[in-house]
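As a plain string of letters, each chain reads:
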Amino acid sequence: MTIIDTRVQGIPCQAELLYYYPGSPGYISGPPDDCYESEPEEWEYRILDRRGRPAPWLEAKVTDDDREQIESDFIKVFHAERNYY
């Protein structure tokens, strides 16, 4: 379980990652049976207040910009945990 500090509409909060699938670039080469389409990343997380309690009222305020920032913050944590540069 990964929890990060973030903001939604400028309000300090946390986001708890529940599920992450990094996606697949796909493969289009060779016979059709060996080909498959790319798959997008999948994220599932919930918004928590600063004390770590679920905050559905704040989750309802999440915009596309907030979503992009939260996902970017999770990626930064993943890279830091794996010592990527």
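## Remarks on the confidence of the model for the protein
Then step 1. On average, residues of the protein score 88 in pLDDT, and 95% of them are at 70 or above.
Then step 2. Confidence, read as mean pLDDT per element, is least for helix α2 (residues 64–81) in the protein (89) and greatest for helix α1 (residues 56–59) (96).

## As for the side chain of D49
Then step 1. The residue D49 is located in the loop between β3 (42–48) and α1 in this model.
Then step 2. Among the residues examined, D49 registers a relative accessible area of 16% and is labelled buried.
Then step 3. Polar side-chain contacts of D49 include one of 2.9 Å to the backbone nitrogen of R51.
Then step 4. Beyond its immediate chain neighbours, meaning those up to four positions away, D49 contacts C13, Q14 and A55.

## Things to note about the sheet that holds strand β1 (residues 2–8)
Then step 1. Spatial ordering of the open sheet is given by β1-β2-β3, a layout of three strands whose pairing is antiparallel. Unpaired on one side and paired on the other, β1 and β3 mark the two borders of the sheet. Neighbour-to-neighbour, the strand axes of the sheet open up by a mean angle of 40°, direction not taken into account.
Then step 2. Of the strand pairs in this sheet, strand β2 (residues 11–21) and β3 are connected by seven bridges, and their pairing is antiparallel. In the strand pairing of β3, E16 is matched with R46.
Then step 3. Contacts from α2 reach β1, β2 and β3, with the element oriented near 145° to β1.

## Some details on the pattern of salt bridges
Then step 1. Scanning the model with the defined rule gives three salt bridges in all.
Then step 2. Its salt-bridge partner being R46, residue E16 comes within 2.6 Å of it at the nearest N-O pair. Remark: R46 occurs in strand β3 and E16 occurs in strand β2; sequence separation between them is 30 residues.
Then step 3. For E16, a relative accessible area of 6% gives the class buried.
Then step 4. As a salt-bridge pair, D64 and R67 come within 2.9 Å of each other at their nearest N and O atoms.

## Points about unusual backbone geometry
Then step 1. A positive phi angle, near 55°, is found at Q9, a position not held by glycine.
Then step 2. Tracing the chain through its elements places Q9 in the loop between β1 and β2.
Then step 3. By relative accessible area, which is 46% here, Q9 ends up partly exposed.

## Some remarks on the pairing of β2
Then step 1. Pairing geometry for β1 and β2, over seven bridges, is antiparallel. Looking at the pairing, I3 lines up with E16 of β2.

The rules we used
All residue numbers refer to positions counted from 1 along the written sequence of the respective chain. Where local features are concerned, this predicted model is filtered to residues with pLDDT of at least 70; where side-chain atom pairs are given and counted, the filter is 80 or more; whole-chain, interface and lining totals use all residues. To get the side-chain values, all heavy atoms of the structure are used, and hydrogens and water are removed first. The pLDDT value expresses, per residue, how confident the predictor is, ranging between 0 and 100. To qualify as a helix, a DSSP run of H or I must reach at least 4 residues; to qualify as a strand, a run of E must reach at least 2; elements of each kind are numbered from the N terminus. Buried means the residue's accessible area, taken with a 1.4 Å probe over protein chains only, is under 20% of the maximum for its type, while exposed means over 50%, and partly exposed covers the values in between. Pairs of N or O atoms within 3.5 Å make up the polar contacts considered here, provided that, within protein, one atom can donate a hydrogen while the other can accept it, and that residues adjacent in sequence are counted only when both atoms are side-chain atoms. In this analysis, two residues are considered to be in contact whenever any of their non-hydrogen atoms come within 4.5 Å of each other. Strands qualify as paired when DSSP identifies two bridges or more between them. In this analysis, axes come from line fits to C-alpha atoms, helices being fitted only over the stretch in contact, and the angle between any two N-to-C directions falls in the range 0 to 180 degrees. Salt bridges are counted wherever a side-chain nitrogen of Lys or Arg sits within 4 Å of a carboxyl oxygen of Asp or Glu.

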